[in-house]
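# Results of the structural survey
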2 protein chains.
Amino acid sequence: MSEAAAREVTRARIEAAALELFAERDFDAVTADEVADAAGISRRTFFRHFATKADAVWGDFHEHVVRLEKKLAATDPEQPVLASICAAYVEVNDYADAELPLLRQRMRLILSEPALQAHSQVRYADVDRVVAEHVARRTGCRPDSLVPRLVALATRAAATTAFEAWLAGDGSLADDLHAAFDQLAGGFPTLR
Amino acid sequence: MSEAAAREVTRARIEAAALELFAERDFDAVTADEVADAAGISRRTFFRHFATKADAVWGDFHEHVVRLEKKLAATDPEQPVLASICAAYVEVNDYADAELPLLRQRMRLILSEPALQAHSQVRYADVDRVVAEHVARRTGCRPDSLVPRLVALATRAAATTAFEAWLAGDGSLADDLHAAFDQLAGGFPTLR
DNA sequence: TGCTGCGTGGCACTGGGTGCCACTAGCGTC
DNA sequence: GACGCTAGTGGCACCCAGTGCCACGCAGCA
């Protein structure tokens, strides 16, 4: 086995051990030592693979952001901006059935454990940046101006809410994403 | 001086020392010991007044949430829901001119320092809960269902964006809040 | 055989946060 | 005045996350 592949295997084993331990106890109640032991590596090695304990929950999130960025760049310029963002979110989150239990476990942790909820803000900042840049390209204004930033943060709010609804119910994630984005794009029609 | 008042004075002194140090160096580069020294108290006492180093930046945020809750409860039932939330946000954030420099310093830290950005998520969860309950009362659905949660998270996105715009520009916070809420309530009219 | 690069483990150290105990100051009661 | 009560405080030891440094082992390669 090549060294690069061996590194991936180790990383995956740490990730699996971490998710299992965090699911059976609270995130804060599990030490990095315990995760390392369960994964059969040293504490020092754990922190070589994941910068923080929280990062072990996120898998390869950077790859996720890169895929979102590509989907956004490839959208039809004629399509409304919000629809293009919704479509990109749906496509990027189109998991195979076999992956859904893992996704549920991950999202349940991220949305319910305070420490992970806090950490998520840092990871999602990348998503916000990518979406704001997309909106800025489409509208011709700067990515740090009000509308791009607002659209980025509001669409992420929609995605987060859709994940909450998906976790609480038993429908499809795509349906929940569309429901949330429809509310947003329509200015919350049910509130009138 | 009564003991309760003395406690408030100590708390205020810690807060002032913390803000000053965090402003002149990075948040992470300042230790709790340094803040305690600057405030003339021990490290142990620092953590009796503030649960975490980050909390020293937030002032009495709980009181802020309580005021927001009261404003929301007192809104006119005929007023559109989003407008009532916008009005409540504006009223709760109606600071005197003399307080604005402090607010700027606080928000700049919270929005730019990653550690504080992460911590903010935990504090804002209270705001989200209060807003979602308001929407749930007004619409007759449960506070953890999709629309109340989405409105809570999306309006907070609007408020956050308004704060970013306010920090970057030199207009009034109320104007920026209204601009962001107008976009949200109108389904982002400028994107069409 | 020696060299190089990389993943790893061990170890010591910094810093956030907590539990525990002892001290003190203010205050009411006998 | 002596006694107890309470609240804020300081000091200390401890746990745990995260980091820098060094040494080891193992692959590939000359």
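As annotated in an unreviewed UniProt entry, chain A carries the name Transcriptional regulator, TetR family and is attributed to Klenkia brasiliensis.

## Let's talk about the interface of chain B and chain A
Taken residue by residue, the interface counts 34 residues in chain B and 35 residues in chain A. Buried surface at the junction of chain B and chain A, summed over both partners, amounts to about 2,700 Å²; 75% is from carbon and sulfur atoms. Inspection of the region where chain B meets chain A yields 2 salt bridges. For B:Glu164, the salt bridge is made with A:Arg149, and the minimal N-O distance between the two is 2.8 Å. Linking chain B with chain A are 2 residue pairs in polar contact (both at pLDDT 80 or more). Mapped by element, the contributors of at least two residues to the side of chain B that touches chain A are helix H5 (81–92), helix H7 (114–139), helix H8 (146–168) and helix H9 (173–185) of chain B. Considering every element that reaches the side of chain B that touches chain A, the biggest residue donor is H8(B), with 13 residues.

## Details of the protein's contact with DNA strand C
Around DNA strand C there are 19 residues in total, and A:Thr45, A:Arg48, B:Arg43, B:Arg44 and B:Lys53 lie nearest to it. Here a base oxygen of DNA strand C sits 3.4 Å away from a polar atom, N or O, in the side chain of A:Arg44. Here a phosphate oxygen of DNA strand C and a backbone polar atom of B:Ala32 are 3.2 Å apart.

## Quick look at the protein's contact with DNA strand D
Every one of the 19 residues lining DNA strand D counts as a neighbour, but A:Arg43, A:Arg44, A:Lys53, B:Thr45 and B:Arg48 are closest to it. Close to the protein, within 4 Å, the atoms of DNA strand D belong to sugar or phosphate groups at a rate of 49%. A distance of 2.5 Å separates a base oxygen of DNA strand D from a polar atom in the side chain of A:Arg44. Of all the elements in the fold, those that place two or more residues in the surface near DNA strand D are helix H3 (43–49) of chain A together with helix H1 (3–24) and helix H3 (43–49) of chain B. The class makeup of the residues in the surface near DNA strand D is 5 nonpolar, 6 polar and 8 charged.

## What to know about the relation of the copies chain B and chain A
With an RMSD of 0.0 Å, the operation that places chain B on chain A is a rotation of 180 degrees combined with a shift of 0.0 Å along the axis. Taken together, the rotation and translation describe the operation of a two-fold axis.

## Section: the UniProt feature "DNA-binding region" (unreviewed entry) in chain A
Within this numbering scheme, the UniProt entry marks residues 31–50 of chain A as carrying the feature "DNA-binding region" (unreviewed entry). Along residues 31–50 of chain A, the helical share is 75% and the strand share 0%, with 14 Å between the first and last C-alpha atoms.

## Side note on the layout of surface pockets
Put simply, the largest pocket is a space of about 960 Å³. Lining the largest pocket are 39 residues, and of these A:Gln121, A:Leu153, A:Arg156, B:Gln121 and B:Arg156 lie nearest its centre. Counting only elements with at least two residues in the lining of the largest pocket, the list comes to helix H6 (100–112), helix H7 (114–139) and helix H8 (146–168) of chain A together with helix H6 (100–112), H7 and H8 of chain B. In terms of residue count, the dominant contributor to the lining of the largest pocket is H8(B) (10 residues). Roughly 650 Å³ of volume is contained in the second largest pocket. As for the second largest pocket, its lining consists of 30 residues, of which B:Trp58, B:His64, B:Tyr95, B:Leu103 and B:Arg106 are closest to the centre. Where the lining of the second largest pocket is concerned, the elements lending two or more residues are H1, helix H4 (61–73), H5, H6, H7 and H8 of chain B.

## Quick word on the packing of H8(A) against helix H9 (residues 173–185) of chain A
Residues and elements named next belong to chain A. Closest axis-to-axis distance for the H8/H9 pair is 8 Å, and the angle between their directions is 140 degrees. By the angle class used here, H8 and H9 are oblique. In this structure, H8 crosses over H9, and the sense of that crossing is right-handed. Along the contact surface, H8 presents Ala-154, Thr-155, Ala-158, Ala-159, Ala-162, Phe-163, Ala-165 and Trp-166, while H9 presents Leu-173, Asp-176, Leu-177, Ala-180, Phe-181 and Leu-184. A breakdown of the residues in the contact of H8 with H9 according to their chemical character gives 12 nonpolar, 1 polar and 1 charged.

Calculation rules
Residues numbered from 1 in each chain as written. Chains lettered and ligands numbered in written order. Predicted model: local features only at pLDDT ≥ 70, side-chain atom pairs only at ≥ 80, totals over all residues. Heavy atoms only, no water. Contact = heavy atoms within 4.5 Å. Buried area = accessible area lost by both parts, 1.4 Å probe. Salt bridge = Lys/Arg side-chain N within 4 Å of Asp/Glu carboxyl O. Polar contact = N/O pair within 3.5 Å; in protein donor to acceptor, adjacent residues only side chain to side chain. Helix = DSSP H or I, 4+ residues; strand = E, 2+ residues; numbered from the N terminus. Near = heavy atom within 4 Å. Nonpolar A, V, L, I, M, F, W, Y, C, P; charged D, E, K, R; others polar. Least-squares fit on C-alpha atoms with pLDDT ≥ 70 in both. UniProt positions renumbered as here; feature names shortened; annotations may be inferred. 1 Å grid on protein atoms, 1.4 Å probe; cavity = no way out; pocket = protein on both sides within 12 Å on 5 of 7 lines; lining within 4 Å. Points joined across faces, edges and corners; volume = space filled by probe spheres on them. Axes fitted to C-alpha atoms, helices over the stretch in contact; angles between N-to-C directions. Parallel < 35°, antiparallel > 145°, perpendicular 65-115°, else oblique. Left-handed = near helix turned anticlockwise from the far one by under 90°.

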